[in-house]
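Close look at the chain arrangement
Here is what each chain is made of, one letter per residue.
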Amino acid sequence: MRLLVVGGGVAGPAVALAAARLGLDATVLERRAVADPDEGSWMTVAPNGLDALAVLGVLDATHEIGYPSRLNRMYGATGRHLGDVSLGVPLDDGTVALTLKRSALAVLLGDAARHAGADVRLGAEVVSVHDDAEGVRAVLTDGSVVTGDVLVGADGVRSPVRRRIDPNAPEARYVGLTNFGGVTRGTRLGDELTPQAWHFVFGRRSFFGAHPLPTGDVVWFANVPRPEIGRQERAATTEQQWLHWLAGLVSDDAGPASALVAAGRLELAGDSTYDLPHVPTWWRGRTVLVGDAAHAPSPSSGQGAAMALEDAVVLARSLAAHGADGLRAYEAARRDRVEAIVKAGARSSSAKIPGRLGRVPLETMLSLVFRSGAAARSTSGFTAHRLGAGLSPTR
């Protein structure tokens, strides 16, 4: 069986790696000409995502590019400690969540897929895909055609493959938050932050997160409630203008946010945040969706990458066991779980926007939730999920 995978982020190379481990042929088509491990901002992979990486055989390598993260420490705008929330149920060996660069993980997975025998092509932009009785085809911008038996759309929340499967498929939904990510190098500002923890502030005008690294750097992000940021505004705004604006938004909040922004540099700017709560059709014929193309949770869920990694393992196993008929089994195994996580992420995003009641009543409510343990209990089932044994070739 030959898999054509459209998209070279996290989901695409993970599918190719899982397929190659199971003895299937896989080709990844990624439009970017260069895979830069230092591009973009940071994320945290929960223990269930690390379990998927262990099944894929790359968990040890992931430790080399990531830093342990044990909990989220929640604060109000006045500095009030609202409570702590674990970052998930550790693996059996005690491994906790890892904070790392999304791009670094994508490069690691792509390299591992190549080493396992997959064909990972950069600079291969797909302009159309076709699915018929003869198989699947992807047409590239240079006019060349790549053929296969199953086509996997791993092309993100704005997936053209999703539209090819179902012309009436829903569009991504803006969650009301724009995202900025940055880093402050070699600073003492991280000394007041708990090691191996995210420090979250439900601020007056934004939601801010900061994580100290053992290197002396602090990585941080800001979620800002506002209308979507379009390409024109993004292109017209300089990094210094964004930083000045962000510093103003967090200036009245307790903690090091304002100083971190003032001394930092942006790695991600003006990224409007979307989710995708329900896609009626995940597959048709021999074409299937994985990761954000099928079910994009908001970043507030902390599960986007983990869900993509789980998808990759389950899809590859289903195809190895049942051929193209495995697409139905893949959807049956995944849909309920991922849609529950998307809903949880939407609730988390809404808590970052004070609304008419204001920040003080919200802080009181959040303090009760965090200190009661309800927040941790609500997500423990997500992070305790395990995929079982590794991948064994079927041929």
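Structural data are supplied above this passage.
Some points on the overall build of the protein chain
Of regular secondary structure, the protein chain possesses twelve helices and 19 strands. A compact globule built from 395 residues should have a C-alpha radius of gyration of about 21 Å, and the protein chain, at 21 Å, falls within 12% of that. Going through the 395 residues of the protein chain one by one, you find that 54% of them count as buried. Summarising the internal contacts of the protein chain: among those between residues at least 6 apart in sequence, 74% fall at separations of at least 24.

Here's the deal with the packing of helix α2 (residues 47–56) against helix α9 (residues 304–322)
Between α2 and α9, the shortest axis-to-axis distance is 8 Å and the interhelical angle comes to 40 degrees. When the axes of α2 and α9 are compared, the pair comes out oblique. For the pair α2 and α9, the crossing hand works out as left-handed. Facing α2, whose interface residues are N48, G49, A52, L53, V55 and L56, α9 presents A306, M307, L309, E310, V313 and R317.

Some words on the pattern of salt bridges
One pass over the structure, following the stated rule, counts 21 salt bridges. Here R32 and E30 are joined by a salt bridge, their closest N and O atoms 2.8 Å apart. For the salt bridge of R334 with E310, the shortest nitrogen-to-oxygen distance reads 2.7 Å. Note that R334 is positioned in helix α10 (residues 326–350) and E310 in helix α9, a separation of 24 residues in sequence.

Notes on the side chain of R335
Here R335 lies in helix α10. With a relative accessible area of 12%, R335 lands in the buried category. Polar side-chain contacts of R335 include one of 3.1 Å to the backbone oxygen of P280. Residues contacting R335, with those up to four places away along its chain left out, are H278, V279, P280, T281 and W282.

Side note on the nonpolar core
Core analysis: the largest hydrophobic core is formed by 80 residues, its most contacted members being L3, L53, L56, L109, V152, L309 and L315. No other element matches α9, which puts eleven residues into this core. The contacts of L109, once residues within four sequence positions are left out, are V10, P13, A14, L17, L53, L56, V58 and L309.

Side note on the sheet that holds strand β11 (residues 145–148)
Spatially, β9-β10-β11 is the arrangement adopted by the three strands of the open sheet, whose pairing is antiparallel. Lying at the two open borders of the sheet, with one neighbouring strand each, are β9 (126–132) and β11. Neighbour-to-neighbour, the strand axes of the sheet open up by a mean angle of 15 degrees, direction not taken into account. Here strand β10 (residues 135–140) pairs with β11 via four bridges, running antiparallel. By the bridge assignment, V139 is partnered in β11 with V145.

Quick notes on the packing of aromatic side chains
Applying the stated criterion across every chain yields a total of 13 aromatic pairs. A centroid spacing of 6.1 Å and a plane angle of 35 degrees characterise the contact between F207 and F221, whose relative ring orientation is tilted. Here the residue F207 occupies a position in strand β15 (residues 207–212), and F221 occupies one in strand β16 (residues 218–225), the gap between them amounting to 14 residues. Considered together, F207 and F221 belong to a single accessibility category, that of buried residues. Among the aromatic residues, ring-to-ring pairing joins W198, F200, F202, F207 and F221 into one connected group. Here R158 stacks its cationic end above the ring of Y274, 4.6 Å away from the centre of that ring.

Details of helix α1 (residues 11–21)
Extensive coverage of α1 is indicated by the burial of ten of its eleven residues. Where the residues of α1 are buried, they touch β1 (2–6), β2 (25–30), α2, α4 (102–116), β12 (150–153) and α9. Just downstream of α1 lies G23, where phi reads positive at about 85 degrees.

Examining unusual backbone geometry
Despite not being glycine, Q196 has its phi angle at roughly 55 degrees, a positive value. Along the chain, Q196 turns up in the loop between β13 (173–184) and β14 (197–202). Look at Q196 and you get partly exposed, because its relative accessible area is 28%.

Quick notes on the sheet that holds strand β7 (residues 97–101)
The pairing of strands in a sheet happens through backbone hydrogen bonds and is either parallel or antiparallel. In space, the three strands of this open sheet follow the order β3-β7-β4, with antiparallel pairing throughout. A strand with exactly one partner marks an edge of an open sheet, and here the two such strands are β3 (42–45) and β4 (67–69). The sheet shows a mean angle of 35 degrees between the axes of neighbouring strands, taken without regard to direction. Note: β4 against β7, three bridges, orientation antiparallel. Its bridge partner being in β7, P68 is matched across the sheet by L98. Where α4 meets the sheet, its contacts fall on β3 and β7, and the angle it forms with β7 comes to roughly 90 degrees.

A look at the environment of L17
By secondary structure assignment, the location of L17 is in helix α1. Linking L17 and A112, residues 95 residues apart in sequence, is a C-alpha distance of 6.7 Å. Not counting residues up to four positions away in its chain, the partners in contact with L17 are L56, V58, L109, A112, A113 and A116.

Things to note about the pairing of β2
If a strand is regular, its side chains alternate between the two faces of the sheet. Most of β2 sits out of view: five of its six residues are buried. The handedness of the β1 to β2 crossover, carried by α1, is right-handed. Both β2 and strand β8 (residues 119–122) contribute to a ladder of four bridges, which runs parallel. Bridge pairing in β8 links T27 to D119.

Thresholds, definitions, all that
Residues numbered from 1 in each chain as written. Predicted model: local features only at pLDDT ≥ 70, side-chain atom pairs only at ≥ 80, totals over all residues. Heavy atoms only, no water. Helix = DSSP H or I, 4+ residues; strand = E, 2+ residues; numbered from the N terminus. Rg over C-alpha atoms; globule rule 2.2 N^0.38 Å. Buried < 20%, exposed > 50% of the residue type's maximum accessible area, 1.4 Å probe, protein only. Contact = heavy atoms within 4.5 Å. Axes fitted to C-alpha atoms, helices over the stretch in contact; angles between N-to-C directions. Parallel < 35°, antiparallel > 145°, perpendicular 65-115°, else oblique. Left-handed = near helix turned anticlockwise from the far one by under 90°. Salt bridge = Lys/Arg side-chain N within 4 Å of Asp/Glu carboxyl O. Polar contact = N/O pair within 3.5 Å; in protein donor to acceptor, adjacent residues only side chain to side chain. Core = buried A, V, L, I, M, F, W, Y, C linked by side-chain atoms within 4.5 Å. Pairing = 2+ DSSP bridges. Phe/Tyr/Trp six-rings, centres within 6.5 Å; stacked < 30°, edge-to-face > 60°. Lys NZ or Arg CZ within 6 Å of the ring centre and 35° of its normal. Right-handed = clockwise from strand over helix to strand, strands pointing away.

Any functional reading would require information beyond the geometric quantities listed.
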